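The chain contents come next:
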Amino acid sequence: MPDNSEQHSRRMARKKAVVDAAIARADQDKGLLLVLTGNGKGKSSSAFGMVARCLGYGYKAGVAQFLKSRRDTGEEKFLGNQPDVQWHVLGDGFTWDTQNRDADIATAQRGWAVAQNMLKDDSLHLVVLDELTYLLKYGYLDEKQVCNDLASRPATQHVVITGRAAPQCLLDLADTVSEIADVKHAFRAGIRAQPGIDL
Ligand code: ATP
Ligand code: MG
């Protein structure tokens, strides 16, 4: 049976007290490591949303795109031109066609060297490592090295890592992990990627 208005007010007051107490307890600041994983849509676009939030506060951000299947995405057109954003496309050299593993490892390691520089740069409030998980999954980068570099970044720097199948070591190191489920995707109904939404 639905609440009458008095019951509803009491219930809401109790809820507010619990929420207010939880907010009061969370009184620490920290550079966060966020991992956005899972098979659903919304990982990279969420990361770029956080870049936009940072820019709103006048912070600087760095983005590394480790796999790039399309050129000229909306995020690169817009955020790549912002003076407070460093935009690095590091995945153009992957050789899916020729399957040259040594060349791919070399590309991944060159890319990681760029990421390492950002992870040492305390002027960057946020670093996005977009689609990093695949390089770990294929063994192109050493998990231990990546986790060590992440753990030794500046204490106030936030990092967002995106990509499916994030390895356990990243989940363990992360402060916030979201797994986005693929409940439905328009592509499976024959709808091509829509500019502004999918790219
Ligand atoms: P987005 O960049 O839109 O936030 P994402 O980072 O979560 O997506 P990726 O695996 O990086 O997902 O794929 C990027 C592209 O693939 C986007 O165009 C997205 O709409 C599409 N895509 C993501 N998930 C799926 C899915 N489950 N089925 C089909 N297409 C998908
Ligand atoms: Mg993505």
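Residues numbered from 1 in each chain as written. Chains lettered and ligands numbered in written order. Predicted model: local features only at pLDDT ≥ 70, side-chain atom pairs only at ≥ 80, totals over all residues. Heavy atoms only, no water.

Regarding the sheet that holds strand S3 (residues 85-89)
What counts here: By this definition, two strands are paired if DSSP reports at least two bridges between them. Strands here mean DSSP runs of E at least two residues long; helices mean DSSP runs of H or I at least four residues long; both are numbered from the N terminus. Angles run from 0 to 180 degrees between N-to-C directions of axes, and those axes are lines fitted to C-alpha atoms, restricted for helices to the stretch in contact.
Within the open sheet, the six strands sit side by side as S3-S2-S4-S5-S1-S6. Their pairing is parallel. Looking at the sheet topology across the chains shown, the edges are occupied by S3 and strand S6 (176-179). Averaged over all adjacent pairs, the angle separating strand axes in this sheet is 10 degrees, with direction ignored. Judged from the four bridges that link them, strand S1 (residues 33-37) and S6 form a sheet pairing that is parallel. Bridged to Val35 within S6 is Val177.

Some remarks on unusual backbone geometry
Heads up, the rule is: For every residue, the accessible area obtained with a 1.4 Å probe (protein chains only) is divided by the maximum for its type, and the residue is called buried under 20%, exposed over 50%, and partly exposed between those limits.
The phi dihedral of Glu131 falls on the positive side, at around 65 degrees, and the residue is not glycine. With respect to the element layout, Glu131 can be found in the loop between strand S4 (124-130) and helix H5 (133-137). A positive phi angle, close to 55 degrees, is found at Ala165, a residue other than glycine. The residue Ala165 is located in the loop between strand S5 (158-162) and helix H7 (168-173) in this model. A relative accessible area of 45% places Ala165 in the partly exposed class.

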